[in-house]
Amino acid sequence: MQGSGIRRAFLAKYLLHQRRTFSQLAEKLSSVPGNDAPIPKIPPFDYSPPPYTGPSAAEIMQKRKEYLSPSMFCFYDKPINVVDGKMQYLFDENGRRYLDAFGGIATVCCGHCHPDVVKAIVDQTNRLQHSTILYLNPAIADFAEALASKLPGDLKVVFFTNSGTEANELAMMMARQYTGCQDIVSLRNAYHGNAAGTMGATAQSNWKFNIVQSGVHHALNPDPYRGVFGSDGKMYAKDVQDLINFGTSGHVAGFMSEAIQGVGGIIELAPGYLPAVYSTIKKAGGLCIADEVQAGFARTGSHFWGFESHGVVPDIVTMAKGIGNGIPLGAVVTTPEIAQVLTRRSYFNTFGGNPVCTAAGHAVLRVIERENLQENAHVVGSYLKERLTDLKDKHEIIGDVRGRGLMLGIELVTDRQLKTPAKIETLHVMDQMKEMGVLIGKGGFYGNVFRITPPLCFTKEDADFLVDAMDYTMAKM
Ligand SMILES: Cc1ncc(COP(=O)(O)O)c(C=O)c1O
């Protein structure tokens with residue numbers, strides 16, 4: 001988009017026709033003189049889903065409105081009814097194929113319905129779906145052993161949960177029990193979950209209900225793009241020392257952060273920040289908790305865990321999403337010494353570590369290894385980031401391209417100097433890309449960041465299709 005006149009014209013047109021479908025708008029825009037670039041095509045893929053005979057999108061929407069919580073929202077002006085999935089592709093009710101560049105919010109890591117993961121789930125379900133951890137079963141023990149082998153140092157004891165929120169709740173409780181302190185430091189713009197304790201650690205007003213959320217201090221976000229100290233990690237780290245000095249007794253229970261903020265808009269923490277903060281927290285008697293719910297399980301490509309690229313070793317690591325390729329599963333991994341705190345009372349989780357979920361999790365680890373998905377995330381992710389960065393030179397609306405591996409963010413702004421969030425344009429581009437067959441995510445406090453977190457089997461051809469579709473759409477704005 002060049003110049004504010006064009007932008008005003010675009011916005012006027014957009015707002016006027018907001019109620020029209022985006023395909024109608026696309027048709028209209030495709031008649032813009034001088035833009036005769038061919039419409040990008042989805043790469044070929046040798047799979048057709050079985051015919052769909054269920055209710056239509058409209059019928060499902062009606063049921064959703066009547067029977068499901070009004071808090072549930074959908075992407076897109078015309079939400080799609082996703083009924084099948086295969087590897088990095090999703091299919092709607094009409095069998096139309098979409099490139100899935102969101103991966104069910106950074107969750108589907110091996111690919112949709114990966115045959116090995118499906119087989120592990122089906123085999124285990126046929127044999128035993130649920131017992132209880134009060135009896136022995138090999139699935140939980142084998143997976144715990146395999147998972148522990150992926151973690152550094154003394155991080156060897158696993159507690160399974162059903163979600164990331166539960167994992168973070170447990171981690172915060174363990175840090176408080178272990179240290180005898182209440183205060184936890186988390187980062188502004190973080191997302192750690194939405195139960196009583198984790199909503200306190202989450203630090204974006206749009207995710208925080210007006211309930212008591214005590215015992216968490218939110219430090220300045222070491223955000224290289226919008227943060228007050230740019231990329232100077234050490235300056236942000238000083239803020240944590242200030243928080244401890246002036247906001248606590250001088251001792252804390254811990255510090256919790258993502259290595260790359262996901263919901264917050266794919267924000268990589270400024271270099272040097274984590275090592276400095278970990279050292280500050282340790283001096284204040286606290287534990288360092290790495291929330292790997294989004295960045296873990298090879299997604300960042302260069303490493304298996306997001307924290308590894310910062311050269312730190314946490315005391316507690318929490319995980320979910322990618323751990324099960326879509327099956328409800330989360331985990332907390334810590335040291336034998338810290339794990340002991342849970343023996344002070346009874347701590348139990350009915351479904352956590354059930355045989356089906358742990359069998360799936362174990363299959364996921366095997367697939368990541370056998371199919372070199374970490375390497376693929378690195379190679380394809382670097383290629384995609386390079387192409388997106390080139391796109392930034394072409395389209396003024398792209399303010400920043402960031403992230404690593406297959407966890408990438410593209411921030412849209414209407415003014416690069418002022419970094420004014422381009423919220424409406426973000427929705428427009430997303431919708432147009434969907435019309436072309438590309439599904440991407442959205443996040444960031446202002447809702448103006450594309451989140452690219454596809455299954456890790458994403459190919460260079462997929463990356464080209466995504467960038468070409470984005471380029472095509474932006475060129476018409
Ligand atoms: C970094 C991070 N931590 C925790 C959570 C909470 O996980 P769940 O939705 O499984 O409770 C999320 C969810 O998006 C997340 O992105």
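Everything numeric here is computed off the predicted structure, so don't read it as measured data.

1. Regarding unusual backbone geometry
Link 1 in the chain: At A106, a position not held by glycine, the phi torsion is positive, near 55 degrees.
Link 2 in the chain: Considering the arrangement of structural elements, one finds A106 in helix α4 (residues 103-106).
Link 3 in the chain: The exposure class assigned to A106 is buried, which follows from the 27 C-beta atoms found within 10 Å.

2. With respect to helix α13 (residues 373-394)
Link 1 in the chain: Between its first and last C-alpha atoms α13 spans 31 Å; for 22 residues at 1.5 Å apiece the expected length is 32 Å, and the two agree.
Link 2 in the chain: Among the residues of α13, L373, Q374, N376, A377, H378, V380, G381, L384, K385 and L388 are the ones counted as buried.

3. Some remarks on the domain arrangement of the protein chain
Link 1 in the chain: Domain annotation of the protein chain identifies domain 1 (4-110 + 374-475) and domain 2 (115-370).
Link 2 in the chain: The straight-line distance from the C-alpha centre of domain 1 to that of domain 2 is 29 Å.
Link 3 in the chain: With 29 residues of domain 1 at the contact, the number on the domain 2 side is 28 residues.
Link 4 in the chain: Listed by contribution, the elements that provide at least two residues to the side of domain 1 that touches domain 2 are α4, α13, β13 (398-404), β14 (407-415) and β18 (449-452).
Link 5 in the chain: The residue makeup of the side of domain 1 that touches domain 2, split by class, is twelve nonpolar, eleven polar and six charged.

4. Observations concerning the site of the ligand
Link 1 in the chain: For the ligand, the set of nearby residues contains 14 residues, the closest of which are S163, G164, T165, G193 and V293.
Link 2 in the chain: With three residues, helix α7 (residues 164-179) is the single largest residue contributor to the shell around the ligand.
Link 3 in the chain: Considered class by class, the residues forming the shell around the ligand number four nonpolar, eight polar and two charged.

5. A closer look at the environment of Y52
Link 1 in the chain: Here Y52 is to be found in the loop between α2 (22-29) and α3 (57-67).
Link 2 in the chain: Given 15 C-beta atoms within 10 Å, Y52 falls into the partly exposed group.
Link 3 in the chain: Distance in space between the C-alpha atoms of Y52 and D92 is 8.8 Å, their sequence separation being 40 residues.
Link 4 in the chain: Not counting chain neighbours up to four residues away, the residues in contact with Y52 comprise V83 and E93.

6. As for the pairing of strand β11 (residues 316-319)
Link 1 in the chain: Side chains I316 and T318 of β11 all project onto a buried face; the interleaved residues V317 and M319 project onto the opposite face, where all are buried too.
Link 2 in the chain: Strand direction decides the pairing type here: strand β10 (residues 287-291) and β11, joined by three bridges, are parallel. Paired with D291 across the bridge in β11 is T318.
Link 3 in the chain: Bridge analysis of β11 against strand β12 (residues 330-334) gives four bridges, and the strand direction is antiparallel. Of the residues in β12, the one forming a bridge with I316 is T334.

7. With respect to the sheet that holds strand β2 (residues 89-92)
Backbone-to-backbone hydrogen bonds join strands into a sheet, with any given pair of strands oriented parallel or antiparallel.
Link 1 in the chain: If you walk across this open sheet you meet the four strands as β1-β2-β3-β16, and the pairing is mixed. In the strand order of this sheet, the two ends are held by β1 (82-86) and β16 (438-439), each with one partner.
Link 2 in the chain: In terms of strand pairing, strand β3 (residues 97-100) meets β16 through two bridges, oriented parallel. The residue of β16 that forms the bridge with L99 is V438.

8. A short note on the environment of F73
Link 1 in the chain: Here F73 lies in the loop between α3 and β1.
Link 2 in the chain: Note: C-alpha distance between F73 and P224 (151 residues apart in sequence) is 30 Å.

Definitions and cut-offs
Residues numbered from 1 in each chain as written. Predicted model: local features only at pLDDT ≥ 70, side-chain atom pairs only at ≥ 80, totals over all residues. Helix = DSSP H or I, 4+ residues; strand = E, 2+ residues; numbered from the N terminus. Buried ≥ 20, exposed ≤ 12 C-beta atoms within 10 Å, placed from the backbone. Expected span 1.5 Å × (residues − 1). Domains from an automatic or database assignment. Contact = placed C-beta atoms within 7 Å. Nonpolar A, V, L, I, M, F, W, Y, C, P; charged D, E, K, R; others polar. Near = placed C-beta within 6 Å. Pairing = 2+ DSSP bridges.

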